[in-house]
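Chain by chain, the residues run as shown.
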Amino acid sequence: MRIDQQPAYVLHARPYRETSLLLECLTRDHGRLGVVARGVRSERGRLLRSQLEPFQPLALDLLMRGELATLRAADTLANGLRLQGDAAMAGLYLNELVVRLTERQDPSPTLFDAYARTLARLGSDDPLAWTLRRFERDLLDALGYALQLEFEADSGEPVAAEGLYRYDVEQGPVRLQGTNVRAIRGADLLGLAQDRAPDAAGLAVLRDMMRDVIRFHLGGGELRAWRVLSMALASRGRQR
């Protein structure tokens, strides 16, 4: 099957045979695809390889055969983002999330649009932590794992902004009686549901909650990006 001018982003690339790359690409209409880019590691393929960078909006011409597609041509659609520092780490985190949580050839235009929107936010002055929480929420929603944030799991009552909760991955918010160091304020759950940024304390608690949710959907697995980020933060602490 020929696929022409398919909007796409490269999520990951690794060497394949002597002169080729095996790409993981997020496409608008065909979901995540494994794509063989033949000859791009050779001298003659240098120009094409330079286009196959992360965060670069592309239009791909592909030949689909079985599980893998073969790259026939790639056109850049706009100037790619040059993410640096924390924004670059965040971008790589997005890519790992998509690769780990999606199946190949499972179309999700909603996810593609959320990914493109998030890259634009990473390239702007939007707060980084809030940008990542929004993408995690939208990714889970697009994959059919939408978070239940506005109603208490046990009573069915609306989440109270002033209440304290723990988040059960399979059920939703459970009201807590008394204090708990990992308690989530109802206002922060509602903020995530209604796209209102919490304060710094709320974002920190939501980060931990989202890691628990993602870990659950990974079958208890971990993301490499979490370890990289932890090491980066520890290194900064030593430098101070």
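Computed from a predicted structure; not experimentally measured.

## Concerning the overall build of the protein
Moving on, step 1. Helices and strands together make up the secondary structure of the protein, namely seven helices and eight strands.
Moving on, step 2. A burial count over the protein gives 44% of its 240 residues as buried.
Moving on, step 3. Surface exposure of the protein reaches about 12,800 Å², of which carbon and sulfur atoms provide 48%.
Moving on, step 4. Separation between the mean location of the 33 positive side-chain charges and that of the 32 negative ones in the protein comes to 8 Å.

## Some remarks on the packing of aromatic side chains
Moving on, step 1. Per the counting criterion, the structure on display carries three aromatic pairs.
Moving on, step 2. Ring geometry for Tyr 9 versus Phe 112: centroids 5.5 Å apart, planes at 40°, classification tilted. Linking Tyr 9 in strand E1 (residues 2-16) with Phe 112 in helix H3 (residues 109-122), this pair joins segments that are 103 residues apart in sequence. Taken as a pair, Tyr 9 and Phe 112 share a single burial class, namely buried.
Moving on, step 3. Relative to Phe 135, the ring of Tyr 115 has its centre 6.3 Å away and its plane inclined at 70°; by these criteria the two rings are edge-to-face. Note that Tyr 115 is positioned in helix H3 and Phe 135 in helix H4 (residues 128-142), a separation of 20 residues in sequence.
Moving on, step 4. Taking the relative accessible area as the measure of exposure, Phe 135 reaches 0% and is therefore buried.
Moving on, step 5. One aromatic cluster is present, formed by Tyr 9, Phe 112, Tyr 115 and Phe 135 through successive ring pairs.

## Section: the environment of Met 89
Moving on, step 1. Of note, Met 89 is situated in helix H2 (residues 85-101).
Moving on, step 2. In the structure, Met 89 is positioned 136 residues away from Ala 225 in sequence and 7.8 Å away in space, judged by C-alpha atoms.

## Some remarks on the pattern of salt bridges
Moving on, step 1. For the structure on display, the rule yields 20 salt bridges.
Moving on, step 2. Close ionic contact of Arg 182 with Asp 212 constitutes a salt bridge, the shortest N to O distance being 2.9 Å. With Arg 182 in the loop between strand E7 (172-175) and strand E8 (184-185) and Asp 212 in helix H6 (residues 200-217), this pair connects stretches of sequence that are 30 residues apart.
Moving on, step 3. Classification of Asp 212 by relative accessible area gives partly exposed; the value is 29%.
Moving on, step 4. Through salt bridges with shared partners, one network takes in Arg 117, Arg 134, Arg 137, Asp 138 and Asp 195.

## What about the packing of helix H5 (residues 186-193) against H6?
Describing two packed helices takes the angle between their axes plus the distance from one axis to the other.
Moving on, step 1. H6 packs onto H5 with a crossing angle of 70° between their chain directions and a minimal axis gap of 10 Å. Between H5 and H6, the angle falls in the class roughly perpendicular. Where H5 abuts H6, its residues Asp 188, Leu 189 and Leu 192 lie against Gly 202, Leu 206, Met 209 and Met 210.
Moving on, step 2. Of the residues in the contact of H5 with H6, the class split is five nonpolar, one polar and one charged.

## As for unusual backbone geometry
Moving on, step 1. The phi torsion at Gln 5 lies on the positive side, around 50°, for a residue other than glycine.
Moving on, step 2. Residue placement: Gln 5 occurs in strand E1.
Moving on, step 3. Exposure remark for Gln 5: the relative accessible area of 43% places this residue in the partly exposed category.
Moving on, step 4. Look at Gln 105: it is not a glycine, yet its phi comes out positive at around 60°.
Moving on, step 5. Within the element layout of this structure, Gln 105 appears in the loop between H2 and H3.

## What about the sheet that holds E7?
Moving on, step 1. Pairing within the open sheet is antiparallel, and its three strands lie in the order E7-E6-E8. On the outer flanks of this sheet lie E7 and E8, each paired with one strand and no other.
Moving on, step 2. Here four bridges tie strand E6 (residues 164-168) to E7, and the two strands are oriented antiparallel to one another. Bridging across to E7, Asp 168 finds its partner in Gly 172.

## Here's the deal with the sheet that holds E1
Moving on, step 1. What the five strands build is a closed barrel, ordered E1-E2-E3-E5-E4; its pairing is mixed. Strand after strand, the sheet turns through a mean of 55° between neighbouring axes, direction not considered.
Moving on, step 2. As paired strands, E1 and strand E4 (residues 58-65) are joined by five bridges and run antiparallel to one another. Each residue of the ladder has a partner; that of Pro 7, found in E4, is Ala 59.
Moving on, step 3. Here H3 sits on the sheet and contacts E1 and strand E2 (20-27); the angle it forms with E1, its principal contact strand, is near 65°.

What counts and how
Residues numbered from 1 in each chain as written. Predicted model: local features only at pLDDT ≥ 70, side-chain atom pairs only at ≥ 80, totals over all residues. Heavy atoms only, no water. Helix = DSSP H or I, 4+ residues; strand = E, 2+ residues; numbered from the N terminus. Buried < 20%, exposed > 50% of the residue type's maximum accessible area, 1.4 Å probe, protein only. Areas by Shrake-Rupley, 256 points an atom, 1.4 Å probe, with all protein chains shown as cover. Lys, Arg positive; Asp, Glu negative; His and termini not counted. Charge placed at Lys NZ, Arg CZ, Asp CG, Glu CD. Phe/Tyr/Trp six-rings, centres within 6.5 Å; stacked < 30°, edge-to-face > 60°. Salt bridge = Lys/Arg side-chain N within 4 Å of Asp/Glu carboxyl O. Axes fitted to C-alpha atoms, helices over the stretch in contact; angles between N-to-C directions. Parallel < 35°, antiparallel > 145°, perpendicular 65-115°, else oblique. Contact = heavy atoms within 4.5 Å. Nonpolar A, V, L, I, M, F, W, Y, C, P; charged D, E, K, R; others polar. Pairing = 2+ DSSP bridges.

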